[in-house]
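Chain residues, written in single-letter form:
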Amino acid sequence: MGKNMPQGLKVLLIIPAFNEAKNIRSVVAAVREYAGRTADYQLDYIVINDGSTDATAQICTENKIPSIMLVHNLGIGGAVQTGYLFAAMRQYDIAVQFDGDGQHDIRSLDKLIAPILSGEADFTVGSRFLEGTSHFQSTRLRRVGIRFLSQMIRITAGIRILDTTSGYRAASRRVLEIFAKNYPEDYPEPESLVALSMEGVRVREVQVNMFERMQGVSSISAWRSVYYMLKVSLAIVCAGFQRRKSQCQ
Amino acid sequence: MSMMLRVELLVMAIAFICVVFRTVNRKKLLLKYSLVWLLISLGLLVISVFPQIVMHLTELTGVETPSNLIFLFAIIALAVLTFSLTVIVSKQSVRIKNLTQLLSIYHYLDGEHAGAQAKDEIAENSGKENGK
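Residues numbered from 1 in each chain as written. Chains lettered and ligands numbered in written order. Predicted model: local features only at pLDDT ≥ 70, side-chain atom pairs only at ≥ 80, totals over all residues. Heavy atoms only, no water.

Here we look at unusual backbone geometry
Residues and elements named next belong to chain A. Its identity as a non-glycine residue notwithstanding, Asn19 has a phi of 50°, on the positive side. Structurally, the position occupied by Asn19 is in the loop between strand E1 (9-17) and helix H1 (24-35). With a relative accessible area of 29%, Asn19 lands in the partly exposed category. Of note, the phi angle at Gln91 is positive, near 55°, even though the residue is not glycine. Considering the arrangement of structural elements, one finds Gln91 in the loop between helix H3 (75-89) and strand E4 (94-97). (Helix = DSSP H or I, 4+ residues; strand = E, 2+ residues; numbered from the N terminus. Buried < 20%, exposed > 50% of the residue type's maximum accessible area, 1.4 Å probe, protein only.)

What follows is the structure in structure tokens.
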């Protein structure tokens, strides 16, 4: 899983995977190749198999991919939180969420964790929209929804993030310990941002590269997105009523 | 409906919404389970502002008095709530049972593994003694 560097910085890639039998091998291959090249820190990764019903578990075992097999399906929130819990237990310095479907570009990792390494921020969100130079395309409906959530979060939490649903994010030790204890279940990306702002965490958005979904189908249908949109908006409003802690170094 | 009653209902509805928000923020209630309570509070709020709705519905459904209608709705709401709670509890029971079984099996396998290791060590040591 990585060379042993007693003094070095440890970074953990949390790779949640649900029925990603077609993609997981290539995703892990890209990560392994990148890990071989990083010198500034030790890059480990762990796949969280969220009760996949396809061959994901088999493929992980056959290819000796470090993976946690969740006994029940917990959803993206529960799966990612498992990764944070693992990171907290193993005392990683930085934990990074990295999708198991191949949409995230591992080569953007250095850019993503740079603000945390330099001490500028405690949490960074990898954005597709900051500079508008990404290859990523999304449906019109999703883009409207994302912009709406972005506004809501700006109003209630005072955080300016454009890509609120991005799953490519990096957390400092302090933040990953917060998430290990409390993390939203459904559609956690926007809600978790509000929770962090309430804790006075410094959040920064970083431009990263993302690809089109390689294979398989996105897990959210049109109707469910409406339900999630309402639920997340409510969660954002509800969380906004908490007393906010001031930002601290 | 008297103005006094309407104000009381409005205040109760708003107070309950605050309680729900507080309980969710303290992590004592999951947001998805708070939705039904928020819906009920919203209904109460609407009725306090537009009591004509209740009068209208009473005529429509052929119920004798508005209070009967409200009791009917309240009972239906509570019944639906309790029913869904039993469904949720059932799912949780099954999951807990699964976890218990798996944990116990892993415990056993761990013990077996530890036992096998101990056996190996004993075999090694006795082998060394015999060899002397």
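Overview of helix H8 (residues 222-240) of chain A
Since there are 3.6 residues in each turn of an α-helix, residues three or four apart along the chain are aligned in direction. The first and last C-alpha atoms of H8(A) sit 27 Å apart over 19 residues, in line with the 27 Å expected at 1.5 Å per residue. Taken together, the buried positions of H8(A) are A:Tyr228, A:Met229, A:Lys231, A:Val232, A:Ser233, A:Ala235, A:Ile236, A:Cys238 and A:Ala239. Residues of H8(A) that are buried in the fold lie against helix H5 (140-157) and helix H7 (188-198) of chain A together with helix H1 (3-25) and helix H2 (31-49) of chain B. (Expected span 1.5 Å × (residues − 1). Contact = heavy atoms within 4.5 Å.)

Digging into the packing of aromatic side chains
Under the definition given, this model contains 7 aromatic pairs over all chains. Ring geometry for A:Phe179 against A:Tyr183: centres 4.8 Å apart, planes inclined by 75°, an arrangement best described as edge-to-face. Since its relative accessible area comes to 2%, A:Phe179 is described here as buried. On the basis of relative accessible area, A:Tyr183 is assigned to the buried category, the value being 10%. Judged by centre distance (5.4 Å) and plane angle (40°), the rings of A:Phe241 and B:Phe21 are tilted. Here A:Phe241 is found in the segment after H8, whereas its partner B:Phe21 is found in helix H1 on a different chain. A:Phe241 gets classed as exposed once you look at its relative accessible area, which sits at 59%. Look at B:Phe21 and you get buried, because its relative accessible area is 13%. (Phe/Tyr/Trp six-rings, centres within 6.5 Å; stacked < 30°, edge-to-face > 60°.)

The values reported here are purely geometric and, on their own, carry no functional implication.
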